Amino acid sequence: MDIQQYMATVGEQARGASRAMARATAGDKNAALSAIAGALRAHRSAILDANQRDLARGRDSGLDAALLDRLELTPERFDGMVEGLEQVIALADPVGGITDLNYRPSGIQVGKMRVPLGVIGIIYESRPNVTIDAAALCLKSGNAAILRGGSEAIDSNQAIAECLRIGLREAGLPETAVQVIETTDRAAVGELITHPEWVDVIVPRGGKGLIERISNDARVPVIKHLDGNCHVYIDAQADAGKAIKVAYNAKTQRYGTCNTMETLLVHAGIAERVLPELAAQYQAAGVELRGCERSRALLDGIGEATETDWAEEYLAPVLAIKLVDGLDEALEHIHRYSSGHTESIITENYTLARRFLAEVDSSSVMVNASTRFADGFEYGLGAEIGISTDKLHARGPVGLEGLTGQKWVVLGDGHVRT
Ligand SMILES: NC(=O)C1=CN([C@@H]2O[C@H](COP(=O)(O)OP(=O)(O)OC[C@H]3O[C@@H](n4cnc5c(N)ncnc54)[C@H](OP(=O)(O)O)[C@@H]3O)[C@@H](O)[C@H]2O)C=CC1
Ligand SMILES: N[C@@H](CCC(=O)OP(=O)(O)O)C(=O)O
């Protein structure tokens with residue numbers, strides 16, 4: 001395949017489709033989402049078979065358990081994926097809404113209209129349900145999308161792409177409104193991120209290798225959805241019961257996600273009350289613990305955390321633990337090692353909670369809650385494209401509104417400027 005030629009075709013088709021999508025009514029878009037849901041149901045076994053092929057290849061090539069878990073489409077996850085479409089149908093269409101419409105002294109009215117971004121390119125991990133989530137959110141927000149999923153999920157994604165085409169065709173929208181890149185060759189990523197004439201914004205969801213590539217090469221605006229080196233800080237004035245419950249959940253509820261806690265910071269003044277119990281629970285769940293010198297003195301048989309551990313996003317049942325002498329030391333650690341995704345403080349002290357909220361510079365900052373809540377569905381957005389670790393345009397969980405922008409609209413009646 002000539003990748004440059006292929007991507008030029010994909011890009012031009014997407015640009016053309018984006019104009020039709022910007023004109024599509026909420027009814028048109030919902031009809032397409034509903035038809036896609038129907039096509040997915042009709043092709044259920046073909047998609048699950050394709051997923052089995054991906055899984056078999058993944059196992060043969062030694063993919064680890066967390067990556068295999070994300071790749072797998074169980075029958076329940078398949079149903080959840082289709083149900084997600086129904087949820088997006090139920091969301092209000094953000095496009096066309098005019099806000100802040102005010103009369104100016106000149107007599108014109110000035111306001112802001114919500115509009116699609118145009119063509120959105122999304123590069124994401126080997127998690128096939130993201131293909132449908134991303135397609136649904138881009139369509140509902142009136143955008144065209146070019147989707148580049150992880151190479152391990154190629155068969156699943158191509159089977160899903162067929163359903164996207166069927167649904168769009170049935171609803172009378174361009175089949176090219178969502179295109180799933182058919183090659184795993186990373187040269188296609190290079191083309192996707194360097195052509196502003198085809199693509200208006202790139203959403204990269206991934207880890208360090210992707211960050212490096214995007215930072216070096218992108219010529220298209222980017223909304224980064226990058227790694228999550230997330231922290232929980234248990235303050236001396238924490239409620240021990242809450243601290244244990246939250247810190248356990250933040251690590252073990254799901255290991256492979258970007259909002260999972262990777263380092264637990266514990267105030268030395270409460271460590272003896274919470275750490276032995278927490279360590280027992282983690283160990284029972286099979287979590288490997290790696291601690292600083294002071295936490296190792298408190299917990300028998302745990303490994304040693306080195307400098308690399310503080311910077312590591314394990315995405316696995318491994319946790320780094322560090323004892324600190326107060327909020328300032330915890331903040332210092334977070335400022336140095338956090339990836340700016342999500343951090344949480346456990347405390348009953350109102351003043352310290354307020355300081356943590358004000359001083360931690362992450363996309364979500366929490367008090368007495370698990371970092372696993374950093375999620376569009378949990379925040380009430382209905383669904384999410386992912387979690388933006390960028391500060392501009394959209395930060396934290398990105399839903400429909402984050403996939404749109406605003407333009408100024410001016411209403412006159414023959415008004416002229418004097
Ligand atoms: N903030 C958020 O919303 C999210 C963040 N993540 C983060 O993603 C990471 C885990 O996912 P993982 O699959 O390991 O991530 P990777 O970064 O390895 O892969 C993600 C995607 O990026 C592509 N990619 C990676 N490196 C390059 C490169 N140099 N050039 C071109 N394409 C590249 C991959 O393609 P290929 O298949 O060819 O490797 C894949 O499509 C974690 O850090 C996690 O926190 C994940 C989901 C959401
Ligand atoms: N918001 C999601 C996590 C984001 C996400 O998609 O992460 P990942 O499992 O790394 O692809 C959740 O809470 O499950």
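So, here's what we can say about the structure. Quantities reported herein were computed from a predicted structural model and do not represent experimental measurements.

## Things to note about unusual backbone geometry
Stage number 1. One non-glycine residue, Asp100, lies in positive phi territory at about 55°.
Stage number 2. Among the structural elements, Asp100 can be located in strand 1 (residues 98-103).
Stage number 3. Of note, Asn368 is a non-glycine position whose phi angle comes to about 55°, a positive value.
Stage number 4. For Asn368, the position within the fold is in the loop between strand 13 (364-367) and strand 14 (386-388).
Stage number 5. Among the residues examined, Asn368 registers a relative accessible area of 25% and is labelled partly exposed.

## Here we look at the site of ligand 1
Stage number 1. Neighbouring residues of ligand 1: 26 residues in total, closest Tyr124, Ser151, Arg186, Glu313 and Ile387.
Stage number 2. Here an oxygen atom of ligand 1 sits 2.7 Å away from a polar atom, N or O, in the main chain of Ile387.
Stage number 3. Burial of ligand 1 by the protein amounts to 87% of the accessible area it has alone, namely 900 Å².
Stage number 4. Of all the elements in the fold, those that place two or more residues in the shell around ligand 1 are helix 9 (208-217) and strand 14.

## Points about the sheet that holds strand 1
Stage number 1. Reading across the sheet, the 3 strands line up as 1-2-16 and stay open at both edges, with antiparallel pairing between neighbours. The strands lining the two open edges of the sheet, one partner per strand, are strand 1 and strand 16 (404-411). In this sheet, adjacent strand axes meet at a mean angle of 20° when their direction is disregarded.

## With respect to helix 14 (residues 327-337)
Stage number 1. Residues of helix 14 that are buried: Leu327, Ala330, Leu331, His333, Ile334 and Tyr337. On an axial view of helix 14, the arc spanned by its buried residues comes to 160°, and they lie on one face. Of the residues in helix 14, the exposed ones pointing more than 90 degrees away from the buried face are Asp328, Glu332 and Arg336.
Stage number 2. Elements that come into contact with the buried residues of helix 14 comprise strand 7 (230-234), strand 8 (261-267), helix 13 (307-310), strand 11 (318-324), strand 12 (342-346) and helix 15 (350-359).

Definitions and cut-offs
- Residues numbered from 1 in each chain as written.
- Chains lettered and ligands numbered in written order.
- Predicted model: local features only at pLDDT ≥ 70, side-chain atom pairs only at ≥ 80, totals over all residues.
- Heavy atoms only, no water.
- Helix = DSSP H or I, 4+ residues; strand = E, 2+ residues; numbered from the N terminus.
- Buried < 20%, exposed > 50% of the residue type's maximum accessible area, 1.4 Å probe, protein only.
- Near = heavy atom within 4 Å.
- Polar contact = N/O pair within 3.5 Å; in protein donor to acceptor, adjacent residues only side chain to side chain.
- Areas by Shrake-Rupley, 256 points an atom, 1.4 Å probe, with all protein chains shown as cover.
- Pairing = 2+ DSSP bridges.
- Axes fitted to C-alpha atoms, helices over the stretch in contact; angles between N-to-C directions.
- Arc of directions from axis to C-beta.
- Contact = heavy atoms within 4.5 Å.

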